[in-house]
Amino acid sequence: QVQLVESGGGLVQAGDSLRLSCDASGRAYAMAWFRQAPGKEREFVATISWSGDSTYYTQSVEGRFTIARDNAKGTMYLYMNSLSPEDTAVYYCAAGRAGRAGIFSSEYNYWGQGTQVTVSS
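It should be emphasised that the depicted structure is a prediction, and the values quoted were computed from it without experimental measurement.

J.: Could you clarify how one ought to interpret the overall build of the protein chain in this entry?
T.: Secondary structure summary: the protein chain contains zero helices and 11 strands in total. The helix and strand sequence of the protein chain, counted from the amino end, reads β-β-β-β-β-β-β-β-β-β-β. Over its C-alpha atoms the protein chain spans a radius of gyration of 13 Å, differing by no more than 12% from the 14 Å that the globule rule assigns to 121 residues. Judged by the C-alpha coordinates and their principal axes, the protein chain covers about 40 × 25 × 25 Å. A buried classification covers 45% of the 121 residues belonging to the protein chain.

Structure below.
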């Protein structure tokens, strides 16, 4: 069992930056960030392999967001820059049982409770 806890969400203005954190009880797993906006389906944001040497981003955040992890601390991060109202959502941390995983929710076995990110215009 892996326990995940997100933090770092908040209310910011368009153009601002924000860092999300996910504290994990486990270390050797692929991890990812998903988000869900009101009235929308949960969507993939970014994933990172257990070693941190492989990352992948959805097109809408490519170049603005950076996913990273510190296995010694058991923490994954999402650095978000140039935020826009379209980024407003509840952001969820996820972890799989393999060292690498992809863009589908079904590939991840553990989920955090979510942290709210609201970007005003």
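J.: So what exactly am I meant to see when it comes to the nonpolar core here?
T.: In terms of nonpolar packing, the biggest core is built from 27 residues, with L4, M31, W33, L78, M80 and Y91 touching the most fellow members. Listed by contribution, the elements that provide at least two residues to this core are β3 (18-24), β4 (31-36), β5 (43-48), β7 (65-70), β8 (75-80), β9 (89-95) and β11 (115-120). Y91 has contacts with E6, L20, W33, F34, R35, V45, F65, L78, M80, G114, T115 and V117, leaving out every residue within four places of it along the chain. Of all hydrophobic cores here, the second largest spans seven residues; its members include F34, F44, A94 and Y108.

J.: What should I look at first to understand the state of the cysteines in this one?
T.: Working definition: the covalent bond between the sulfur atoms of two cysteines is a disulfide. Following the criterion strictly, the structure yields one disulfide and no others. With its sulfur 1.9 Å from that of its partner, C22 forms a disulfide with C93. Taking the sign of the S-S torsion, -75° for the link of C22 and C93, the bridge is left-handed. Of the two residues, C22 sits in strand β3 while C93 sits in strand β9, which places them 71 residues apart along the sequence. A residue is classified by how much of its surface remains accessible, and C22, at 0% relative accessible area, is buried.

J.: Would you take a moment to explain the side chain of S49 for this structure?
T.: For S49, the location among the structural elements is in the loop between β5 and β6 (55-57). In this structure S49 touches Y29, A30, S54, R69, G99 and R100, once residues within four positions along its chain are discounted.

J.: Please clarify how the sheet that holds strand β1 (residues 4-7) should be interpreted in this entry.
T.: Pairing between sheet strands relies on hydrogen bonds along the backbone, with the strands arranged either parallel or antiparallel. What the four strands build is an open sheet, ordered β1-β3-β8-β7; its pairing is antiparallel. Both outer strands of the open sheet, β1 and β7, are each paired with one neighbouring strand and no more. Shown here is a sheet whose adjacent strand axes are inclined to one another by a mean of 15°, direction ignored. Bridge count for β1 against β3 is four bridges, and the pairing is antiparallel.

Thresholds, definitions, all that
- Residues numbered from 1 in each chain as written.
- Predicted model: local features only at pLDDT ≥ 70, side-chain atom pairs only at ≥ 80, totals over all residues.
- Heavy atoms only, no water.
- Helix = DSSP H or I, 4+ residues; strand = E, 2+ residues; numbered from the N terminus.
- Rg over C-alpha atoms; globule rule 2.2 N^0.38 Å.
- Buried < 20%, exposed > 50% of the residue type's maximum accessible area, 1.4 Å probe, protein only.
- Core = buried A, V, L, I, M, F, W, Y, C linked by side-chain atoms within 4.5 Å.
- Contact = heavy atoms within 4.5 Å.
- Disulfide = S-S within 2.5 Å.
- Pairing = 2+ DSSP bridges.
- Axes fitted to C-alpha atoms, helices over the stretch in contact; angles between N-to-C directions.

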